[in-house]
Amino acid sequence: MADKSDIGKVGKPVTIRIEAGKIREFAKSIKDQNPLYYNENVAKAEIGGVMPPPTFLMTLAHWDNGEGRPHVEMDLRRVLHGEQEFEYLKPIYAGDVLTAVTKVTDVFEKTGGRGGTMTFVVMDTEFTNQQGEKVAISRGVTIETGQVVAR
Amino acid sequence: MARKKLYFEDVKEGDELPSFTIENLTRTDFVKYAGSSGDFNPIHHDQTFAEVSGNPTVFAMGMMNAGVLSRLVSDYAGLENLRKYRVRFATRVWPGDSVTCRGKVTKKAVENGEKIIEGEIAALNQKGEVAIQGSFRAALPSRG
């Protein structure tokens, strides 16, 4: 079970290249027809280049072999993805190479309804571009419920 | 193909974002999102695994629904103006469900020289149940 001693744990840095083809595929899969994702000339003229959709950075979670995520003991049968938040600090464009570092920033408990005591684990992933600028923060809240949840 | 630009002066608190509905999400949609995101958790595409896990069938990834909902905000405020996007997962979305995305502006302010708007957003199924509740923050250009 996760506890306060997990706060501060850091995963290995993960490098990810932001690719226009992957952005296009992702935009299609969320049913977004915005030409900014499909037409490089339009994107260049309007916003300086092809930018990823707002939730695109979540693909990092499945990009590496899992080393990027700090190890926290959790029972996977009792785990839910509770919340996700993205902060955009500087523009990200196709062609950028981002380095992501994930850290456990908080662990706390709440007494819930049918699930008993729930443990919340908050992880922040900071993305830095090839110029060393911090461009985004992705913050995920994972909930470990008190009992196995009916899925 | 110039987009309609949203200026700070055009917005007032309480304004509604233009809503839209995605009809009839399919298992194929879930599989497409699995491919584009890398989320191959079998609970979202494998009927046998879904049943063994106590579900009637597969269901959509929360982040897929969050992606569908994100268009509400990027179409309205402009992708390049977005500063924050936040979602909380509530009800699951099943094959055959429709998802309606809607939201409204809750705050308009000038902070540290930036012209900021904030709003609440939600994705609801065809029964009106909230699948995702969220919020956003954007910095808008000025006509001035």
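Thresholds, definitions, all that
Residues numbered from 1 in each chain as written. Chains lettered and ligands numbered in written order. Predicted model: local features only at pLDDT ≥ 70, side-chain atom pairs only at ≥ 80, totals over all residues. Contact = placed C-beta atoms within 7 Å. Helix = DSSP H or I, 4+ residues; strand = E, 2+ residues; numbered from the N terminus. Nonpolar A, V, L, I, M, F, W, Y, C, P; charged D, E, K, R; others polar. Pairing = 2+ DSSP bridges. Core = buried A, V, L, I, M, F, W, Y, C linked by C-beta atoms within 7 Å. Buried ≥ 20, exposed ≤ 12 C-beta atoms within 10 Å, placed from the backbone. pLDDT = per-residue confidence, 0-100.

Overview of the interface of chain A and chain B
Part 1 of the reasoning: Contacts between the two partners involve 31 residues from chain A and, on the opposite side, 34 residues from chain B.
Part 2 of the reasoning: Those elements that place two or more of their residues in the side of chain A that touches chain B are helix H1 (20-29), helix H2 (40-47) and strand S2 (79-88) of chain A.
Part 3 of the reasoning: A total of eight residues in the side of chain A that touches chain B trace back to one element, the largest contributor, which is S2(A).
Part 4 of the reasoning: Split into classes, the residues belonging to the side of chain A that touches chain B amount to 15 nonpolar, eight polar and eight charged.
Part 5 of the reasoning: With five bridges joining them, S2(A) and strand S2 (residues 82-89) of chain B adopt antiparallel strand pairing. Its bridge partner lying in S2(B), Glu87(A) is registered against Lys84(B).

Considering the nonpolar core
Part 1 of the reasoning: Core analysis: the biggest nonpolar cluster contains 58 residues, and Met64(B), Leu69(B), Val73(B), Leu82(B), Ala123(B) and Ile132(B) have the highest contact counts within it.
Part 2 of the reasoning: Among the elements that make up this core, the one with the highest residue count is helix H3 (residues 62-77) of chain B (nine residues).
Part 3 of the reasoning: Setting aside chain neighbours within four positions, we find Leu69(B) in contact with Val87(B), Cys101(B), Ile121(B), Ala123(B), Ile132(B) and Gly134(B).
Part 4 of the reasoning: In this structure, Ala2(A), Val107(A), Val121(A) and Met123(A) belong to the second largest nonpolar core, which totals five residues.

Looking at the confidence of the model for chain A
Part 1 of the reasoning: Per-residue confidence for chain A gives a mean pLDDT of 92, with 95% of residues at or over 70.
Part 2 of the reasoning: Of all the helices and strands in chain A, S2(A) carries the lowest mean pLDDT, 94, while H1(A) carries the highest, 98.

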